[in-house]
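Residue-level structural notes
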Amino acid sequence: MIQDGPLKIKIQIYCHDEIAMGPGKADLLEAIAKEGSISAAGRALGMSYRRTWLLVDVMNRCWRAPLVETSAGGSHGGGARLSPLGTAILQGYRGLERCCADAAQGPPLDGLLTELRPKPLPFRQERPDS
């Protein structure tokens with residue numbers, strides 16, 4: 001998710017009715033690559049173990065091949081890593097975010113921002129037509 005001033009761009013890629021990739025899933029992929037474990041990645045992001053596994057499951061079911069590969073535990077413990085496709089999808093998604101952020105700069109946004117108040121007016125209880 002990109003937020004620059006008052007503009008927030010949130011890109012979500014759908015696979016039918018499932019979100020195959022979005023800012024949270026991209027963050028999770030980066031954390032898995034760094035931590036080497038789905039559970040450690042979840043802890044680093046403040047997510048529950050169940051939530052991280054559900055997100056990985058959705059991603060792995062939506063793309064033509066799994067984005068995250070796991071290895072079974074044992075005396076040395078298990079682990080997880082991004083598949084080659086997972087790395088490519090993450091890089092492509094982050095590139096798309098950068099392109100959208102770049103495209104949102106300049107006159108179209110500037111024209112909108114000139115009309116934007118610094119903060120909203122106070123809430124009015126009464127209806128304008130009463």
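The following paragraphs examine the structure supplied in this document.

Parameters and conventions
- Residues numbered from 1 in each chain as written.
- Predicted model: local features only at pLDDT ≥ 70, side-chain atom pairs only at ≥ 80, totals over all residues.
- Heavy atoms only, no water.
- Salt bridge = Lys/Arg side-chain N within 4 Å of Asp/Glu carboxyl O.
- Helix = DSSP H or I, 4+ residues; strand = E, 2+ residues; numbered from the N terminus.
- Buried < 20%, exposed > 50% of the residue type's maximum accessible area, 1.4 Å probe, protein only.
- Core = buried A, V, L, I, M, F, W, Y, C linked by side-chain atoms within 4.5 Å.
- Contact = heavy atoms within 4.5 Å.

1. Notes on the pattern of salt bridges
Under the criterion given, the structure shown has six salt bridges. Between Arg94 and Asp27 there is a salt bridge, and its shortest N-O distance comes to 2.6 Å. Taken as a pair, Arg94 in helix H4 (residues 84-103) and Asp27 in helix H1 (residues 23-35) lie far apart in primary sequence, 67 residues in all. Residue classification places Arg94 among the buried residues on the basis of a relative accessible area of 14%. Judged by its relative accessible area of 34%, Asp27 is partly exposed. Linking Glu97 and Arg94 is a salt bridge whose minimum nitrogen-to-oxygen distance equals 2.8 Å. One end of the pair, Glu97, and the other, Arg94, are both in helix H4, three residues apart, so they sit about a helical turn from each other. Given a relative accessible area of 6%, Glu97 falls into the buried group.

2. Remarks on the nonpolar core
Note that soluble globular proteins tend to have their nonpolar side chains buried in a common cluster. Core analysis: the biggest nonpolar cluster contains 22 residues, and Met21, Leu29, Ile32 and Val68 have the highest contact counts within it. Going through the elements one at a time, H1, helix H2 (38-45), helix H3 (49-62), strand S6 (79-82) and H4 are the ones with two or more residues in this core. Residue contributions to this core peak at five residues, all from H1. Every residue in contact with Ile32, bar those within four places of it in the chain, is listed here: Ser37, Ile38, Ala41, Val56, Val68, Ala80, Arg81 and Leu82.

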